[in-house]
Structures are given as C-alpha cells and as structure tokens.
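Listed below are the residues making up each chain.
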Amino acid sequence: MSSPSKRRDMDVMKLMMSDYTVEPINDGLNEFNVEFHGPKESPYEGGVWKVRVELPDAYPYKSPSIGFVNKIFHPNVDELSGSVCLDVINQSWSPMFDLLNVFEVFLPQLLLYPNPSDPLNGDAASLMMKDKAQYEQKVKEYCERYAKKEHINNTLSDESDDEVSENEAFSDGRSDSDDEVAGRADP
C-alpha cells in the first residue's frame, strides 16, 4: 500500500494532467485552485468557477476540503464562504475516491441535482422549492455576473479571495466596486 503523501501527489498530478486548470497555492500540493465549468444542459452551463481544494495530511483517508471561490447560487453551497454541503465529501468519503471523482462526478452531480431539503443557502433552497423557473433564472444571472473566465482570473491572490468574500455578503444589486470601498474602510 502506498503512503498518503504518494497517493496525494499522484492524485494531484492526475488532476493536473486532465483537462482541468490547476493552480497550486504556496508551491505545495496540499492547497490549490481548480477551474471548474458548469455541467452542460443545466442552468450552470457556461459558468466557470475557481474551486479551492485543501488536502489534509491524511488524504486520501480523510476527505478534501472543497469550496467555491467566486459566487454561485445553489442550495448546497454557502454563499459567503463557498463551502459545499455534499455527503460524499463530508460524511461518506472513501479512499477509493480521488480528486478526479470530485470534479468529474461529485461537483457536476451537485449542480445538476441540488438538495433543497439540506441547504447551506436558505434563499436558494426556498426559491428552488417555490419557483423553479425563477430559481434557474437567478442561477443564470449569477453565472453571468460572477462565473465567467475573467472573474476567476481576477481572484488569483489570497487578498482577492478575501475581497470576493466581503462582496458576497451583498445581494441587493450594488456594484462590486461599491462593496469593496465599504469593506476596506472598516477593519
């Protein structure tokens, strides 16, 4: 049996050699960002997200930490932190899974089949249950506003990640630049 560090290195390399753009953080293989595209034939189609991955020292025996960096409107994704509520990652992770499973199966399935009965974003869950057409329209608006290639290219540094988090608290239509000024003035 191989050691966790060899397995981690192998899984990260496999992800890097696939069709995903992988951007290491701090020159290591424990933290990195992955460019993730919304699944075809879904309201998320055309969206591009930067997904932050943190691998624990005990990976693959412990699950990776997965979070969206740029905004996404989804019942099972916390709008402020980008944290993902997904049983297969959070509770039923197995060393049989690898990082490719996360990006080729688990995240696409999450976007295709949201679970509004176990929400991290109550507004998205409520809207999805009350008016699916309006929910899908809001998803598409978020994709246009926050999930384009230029949005993920503007969040390269940790400082930029913090700015995105500050801006995410506002969903009343104010511009991002207004939010940044207000967020920076208050320590």
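Rules used in this analysis
- Residues numbered from 1 in each chain as written.
- Predicted model: local features only at pLDDT ≥ 70, side-chain atom pairs only at ≥ 80, totals over all residues.
- Heavy atoms only, no water.
- Phe/Tyr/Trp six-rings, centres within 6.5 Å; stacked < 30°, edge-to-face > 60°.
- Helix = DSSP H or I, 4+ residues; strand = E, 2+ residues; numbered from the N terminus.
- Buried < 20%, exposed > 50% of the residue type's maximum accessible area, 1.4 Å probe, protein only.
- Core = buried A, V, L, I, M, F, W, Y, C linked by side-chain atoms within 4.5 Å.
- Contact = heavy atoms within 4.5 Å.
- Axes fitted to C-alpha atoms, helices over the stretch in contact; angles between N-to-C directions.
- Parallel < 35°, antiparallel > 145°, perpendicular 65-115°, else oblique.
- Nonpolar A, V, L, I, M, F, W, Y, C, P; charged D, E, K, R; others polar.
- Pairing = 2+ DSSP bridges.
- UniProt positions renumbered as here; feature names shortened; annotations may be inferred.
- pLDDT = per-residue confidence, 0-100.
- Expected span 1.5 Å × (residues − 1).
- Bend = angle between axes of the 7 residues up to and from the residue.
- Polar contact = N/O pair within 3.5 Å; in protein donor to acceptor, adjacent residues only side chain to side chain.

Asker: Any chance you could break down the packing of aromatic side chains for me, citing the residues and the numbers?
Answerer: Going through the model one piece at a time under the given rule, you end up with eleven aromatic pairs. Taken together, a centroid distance of 6.1 Å and an interplanar angle of 40° make the contact between Y59 and W93 tilted. Here Y59 is found in the loop between β3 (48-54) and β4 (65-68), whereas its partner W93 is found in the loop between α2 (87-90) and α3 (99-112), with 34 residues between them in sequence. Both residues of the pair, Y59 and W93, belong to the buried class. Here the aromatic cluster, defined as three or more aromatic residues joined through ring pairs, consists of Y20, F36, Y44, W49, F68 and F103.

Asker: Tell me about the nonpolar core, residues and numbers included.
Answerer: Counting residues in hydrophobic clusters, the biggest one holds 40 residues, and the most contacted among them are L15, F32, W49, F68, F103 and L107. Elements with a contribution of two residues or more to this core: α1 (4-17), β2 (31-37), β3, β4, α2, α3, α4 (122-130) and α5 (132-146). The element contributing the most residues to this core is α3, with eight residues. Not counting the four nearest positions on each side in its chain, F68 is found in contact with F36, W49, K50, V51, V77, S81, G82, V84 and L107.

Asker: Give me the lowdown on the packing of α4 against α5, citing residues and values where you can.
Answerer: One way to put it is that α4 packs onto α5 with a least axis distance of 5 Å and a crossing angle of 135°. On the basis of the axis angle, α4 is oblique to α5. Of the residues in α5, those in contact with A124, L127, M128 and K130 of α4 are K132, Q134, Y135 and K138. When the residues that make up the contact of α4 with α5 are grouped by side-chain class, the tally is four nonpolar, one polar and three charged.

Asker: Any details on the sheet that holds β3? Residues and values, ideally.
Answerer: The sheet built from four strands is open, its strands ordered β1-β2-β3-β4 with antiparallel pairing. Unpaired on one side and paired on the other, β1 (22-24) and β4 mark the two borders of the sheet. Going across the sheet, the axis of each strand differs from the next one's by a mean of 25°, ignoring polarity. In this sheet, β4 lies alongside β3 in antiparallel orientation, the contact comprising four bridges. Across the sheet, V51 pairs through a bridge with F68, a residue of β4. Contacts from α3 reach β2, β3 and β4 within the one sheet, and its direction differs from that of β2 by about 50°.

Asker: I'd like a description of the UniProt feature "active site" (unreviewed entry) in the chain, backed by residues and values.
Answerer: When the UniProt feature table is mapped to this numbering, "active site" (unreviewed entry) covers C85. The topology assignment puts C85 in the loop between β4 and α2. Excluding anything up to four places from it in sequence, C85 contacts N76, N90, L110, D118 and L120.

Asker: I'd like a description of the confidence of the model for the chain, backed by residues and values.
Answerer: Across the chain, the average pLDDT comes to 83, with 81% of residues at or above 70. Low pLDDT, under 50, characterises residues 156-187; the stretch is placed with 37 contacts to residues that sit more than four places away or in other chains.

Asker: Can you lay out α3 for me, pointing to particular residues and giving the numbers?
Answerer: Helix length check: α3 (14 residues) gives 19 Å between terminal C-alpha atoms against 20 Å at 1.5 Å per residue, within 8%. Within α3, the axis deviates most sharply at F106, by approximately 30°, and proline P108 lies no more than four positions further along. The complete set of buried residues in α3 reads L99, L100, V102, F103, F106, L107, P108, L110 and L111. Residue D98 occupies the N-cap position of α3, its side-chain oxygen lying 3.1 Å from the main-chain nitrogen of L100.

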